[in-house]
Amino acid sequence: MSLGGDSDEEYMRGYRDAALAHNNGSDVLVNGDSEEEGASPSNHLDLFVKAGMDGESYGACPFCQRIFMILLFKANAGQLTFTVCTVNMSKQPMEFKRISSRLPAVKHGDEVLTDVDEIVTYIDANFPTPSLKFDNKKATESCLGVFSKFSFYVKEVSHSPTQLNLELQKIDSFLAKAGTKFLCGNELSHLDCIMLPKLHHIRIATKAFKKFDFPLEFTALWHYLDNAYNCDVFRKTCPPDQEIVFHWSSKPETPPLPGDPHTLNPYFLDQQPTYSLSVPSSSRLKE
């Protein structure tokens, strides 16, 4: 669904094609069993997320993807149903303005939440199983600095990737010692829902704007990303590369993409959507 077309009548237009192209048409809008028209089950939520370049399709926002992952994880276990609505924030219809001024937002009956941490707390309180909670101080500490160092680098506050590499190395070292599929064990946790969208943004944006790649020697980090790319909850909520590039290019501090727009650089925004959901073969860890 999309919010913010040429008129408010387009408020409930369905969104599928761009967001689902890499899933061979499988539906990530989890609506559960059919209800009578106009009715919403008590366990049904509406998730409002950022629209993409065209103002309708699924856009790139790591905070929106975090909530999308949590809801899909709970929905896959049969605990809730939900609908995703994309919102064009530059052309917000009155229907959205009445309930929120920022994204992501969640509506559950008469309850509307717009703070990400409050959304997570609310979902956990009302749909506690399966649990995504974690208690791992070392895992949390390993991730604290990476997104800020990435932001400095991609926005050219810092001209060297040294600090970003040091933060990526912290995550790699922690994962190598932990020996688990994800940060806090072999199952997804809230920490993964926070970090995986951010790490994927870092990977795509630094490649596009800086021609920077995660070092191949960070094999535990690459293994972690590989586990994410093979995880249904991450794959089905992941935006295309071009939307991630658009998200960062829209920020005034971000420099323009390098190179000639008329070349076949896959990161230029007029190229066909691509999804970088694989890792270099040389970085795979032996089982």
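Residues numbered from 1 in each chain as written. Predicted model: local features only at pLDDT ≥ 70, side-chain atom pairs only at ≥ 80, totals over all residues. Heavy atoms only, no water.

Engineer: Tell me about the environment of glutamate 156, residues and numbers included.
Structural biologist: Tracing the sequence through the fold places glutamate 156 in the loop between helix H6 (146-154) and helix H7 (162-178). For glutamate 156, a relative accessible area of 36% corresponds to the partly exposed category. Separated by 99 residues in the primary sequence, glutamate 156 and proline 255 have C-alpha atoms spaced 7.5 Å apart. Beyond its immediate stretch of four places on either side in the chain, glutamate 156 contacts Lys210 and Pro255. At 3.3 Å, the side chain of glutamate 156 and the side chain of lysine 210 are in polar contact. (Helix = DSSP H or I, 4+ residues; strand = E, 2+ residues; numbered from the N terminus. Buried < 20%, exposed > 50% of the residue type's maximum accessible area, 1.4 Å probe, protein only. Contact = heavy atoms within 4.5 Å. Polar contact = N/O pair within 3.5 Å; in protein donor to acceptor, adjacent residues only side chain to side chain.)

Engineer: Can you tell me about helix H8 (residues 190-210), naming the residues and giving the values?
Structural biologist: For H8, spanning 21 residues, the distance from its first C-alpha to its last is 30 Å, which sits close to the expected 30 Å at 1.5 Å a residue. In terms of burial, H8 is largely enclosed, as 19 of its 21 residues are buried. Just past H8, the residue lysine 211 takes up positive phi, approximately 55 degrees. (Expected span 1.5 Å × (residues − 1).)

Engineer: Residue-level account of the environment of aspartate 172, with values.
Structural biologist: Relative to the elements of secondary structure, aspartate 172 occurs in helix H7. Residues in contact with aspartate 172, not counting those within four places in the same chain, are Glu217, Phe218, Thr219, Ala220 and Leu221.

Engineer: Give me the side chain of lysine 198: which residues, what numbers.
Structural biologist: Summarising the element assignment, lysine 198 is placed in helix H8. Lacking a salt bridge, the buried lysine 198 has aspartate 117 as its closest oppositely charged neighbour, with an N-O distance of 9.0 Å. (Lys, Arg positive; Asp, Glu negative; His and termini not counted. Salt bridge = Lys/Arg side-chain N within 4 Å of Asp/Glu carboxyl O.)

Engineer: I'd like a rundown of the nonpolar core, residues and numbers included.
Structural biologist: Within soluble globular proteins, side chains that are nonpolar tend to cluster in buried spots. Within the largest apolar cluster, 73 residues are counted, with the highest numbers of intra-cluster contacts made by Ile67, Phe82, Leu168, Leu199, Tyr224 and Phe234. Among the elements that make up this core, the one with the highest residue count is H8 (ten residues). Residue contacts for tyrosine 224: discarding those within four places in its chain leaves Leu175, Lys181, Phe182, Leu183, Asp192, Met195, Leu196 and Leu199. The next biggest cluster of nonpolar side chains, apart from the first, holds five residues, and it includes Phe48, Cys85, Phe96 and Ala105. (Core = buried A, V, L, I, M, F, W, Y, C linked by side-chain atoms within 4.5 Å.)

Engineer: Talk me through the pairing of strand E2 (residues 44-50); I want residue IDs and the actual numbers.
Structural biologist: Buried residues dominate E2, accounting for five of its seven residues. This β-α-β element, E2 to helix H2 (residues 62-76) to strand E3 (residues 81-87), shows right-handed connectivity. Sheet topology note: the E2/strand E4 (residues 105-108) ladder contains three bridges and is antiparallel. Bridging across to E4, aspartate 46 finds its partner in lysine 107. (Right-handed = clockwise from strand over helix to strand, strands pointing away. Pairing = 2+ DSSP bridges.)

Engineer: I'd like to hear about H2, residue by residue, with values.
Structural biologist: Over its 15 residues, H2 runs 21 Å from end to end, which matches the ideal 21 Å to within 8%, given 1.5 Å per residue. Where burial is concerned, most of H2 is hidden: 13 out of the 15 residues are buried. Directly beyond the C-terminal end of H2, a positive phi value near 80 degrees is found at glycine 78.

Engineer: Go over the pattern of salt bridges with me, naming the residues and quoting the values.
Structural biologist: A full pass over the atoms with the stated rule returns seven salt bridges. The shortest N-O distance in the salt bridge between arginine 66 and aspartate 117 comes to 3.6 Å. Of this pair, arginine 66 sits in helix H2 while aspartate 117 sits in helix H4 (residues 116-126), and the two are 51 residues apart along the sequence. Here arginine 66 falls in the buried class, since its relative accessible area comes to 11%. Here aspartate 232 and lysine 236 are joined by a salt bridge, their closest N and O atoms 3.5 Å apart. Judged by its relative accessible area of 36%, aspartate 232 falls in the partly exposed class. Here lysine 236 falls in the buried class, since its relative accessible area comes to 18%.

Engineer: Tell me about the side chain of aspartate 172, and name the residues and values.
Structural biologist: Notably, aspartate 172 is buried but unbridged: the nearest opposite-charge side chain belongs to lysine 177, and the N-O separation is 10 Å. Among the polar contacts listed, one links the side chain of aspartate 172 to the backbone nitrogen of leucine 221, at a separation of 3.0 Å.

Engineer: Kindly report on the packing of H8 against helix H11 (residues 241-249), identifying the contributing residues and their values.
Structural biologist: Orientation of H8 relative to H11, taken along the N-to-C sense of each, is 75 degrees, at an axis distance of 9 Å. By the angle between their axes, H8 is roughly perpendicular relative to H11. Along the contact surface, H8 presents His200, His201, Ile204, Ala205, Ala208 and Phe209, while H11 presents Asp241, Ile244, Val245, His247, Trp248 and Ser249. Class assignment for the residues of the contact of H8 with H11 results in seven nonpolar, four polar and one charged. (Axes fitted to C-alpha atoms, helices over the stretch in contact; angles between N-to-C directions. Parallel < 35°, antiparallel > 145°, perpendicular 65-115°, else oblique. Nonpolar A, V, L, I, M, F, W, Y, C, P; charged D, E, K, R; others polar.)

Engineer: Which residues make up the packing of aromatic side chains, and what are the values?
Structural biologist: For the structure on display, the rule yields ten aromatic pairs. Look at tyrosine 58 and phenylalanine 68: their rings are 5.5 Å apart centre to centre, the planes differ by 85 degrees, and that puts the pair in the edge-to-face class. Residue tyrosine 58 is found in the loop between E2 and H2, and its partner phenylalanine 68 is found in helix H2; the two are separated by ten residues along the sequence. The buried category is assigned to tyrosine 58, whose relative accessible area is 2%. The exposure class of phenylalanine 68 is buried, given its relative accessible area of 0%. Ring geometry for phenylalanine 150 versus tryptophan 248: centroids 4.8 Å apart, planes at 85 degrees, classification edge-to-face. In this pair, phenylalanine 150 is assigned in helix H6 and tryptophan 248 in helix H11, connecting sequence segments 98 residues apart. Take phenylalanine 150 and tryptophan 248: they sit in the same class, and that class is buried. If you follow lysine 198 out to its NZ or CZ, it ends over the ring of phenylalanine 147, 5.1 Å from the centre. The cationic tip of lysine 210 hangs over the ring face of tyrosine 153; the distance from NZ or CZ to the ring centre is 4.9 Å. (Phe/Tyr/Trp six-rings, centres within 6.5 Å; stacked < 30°, edge-to-face > 60°. Lys NZ or Arg CZ within 6 Å of the ring centre and 35° of its normal.)

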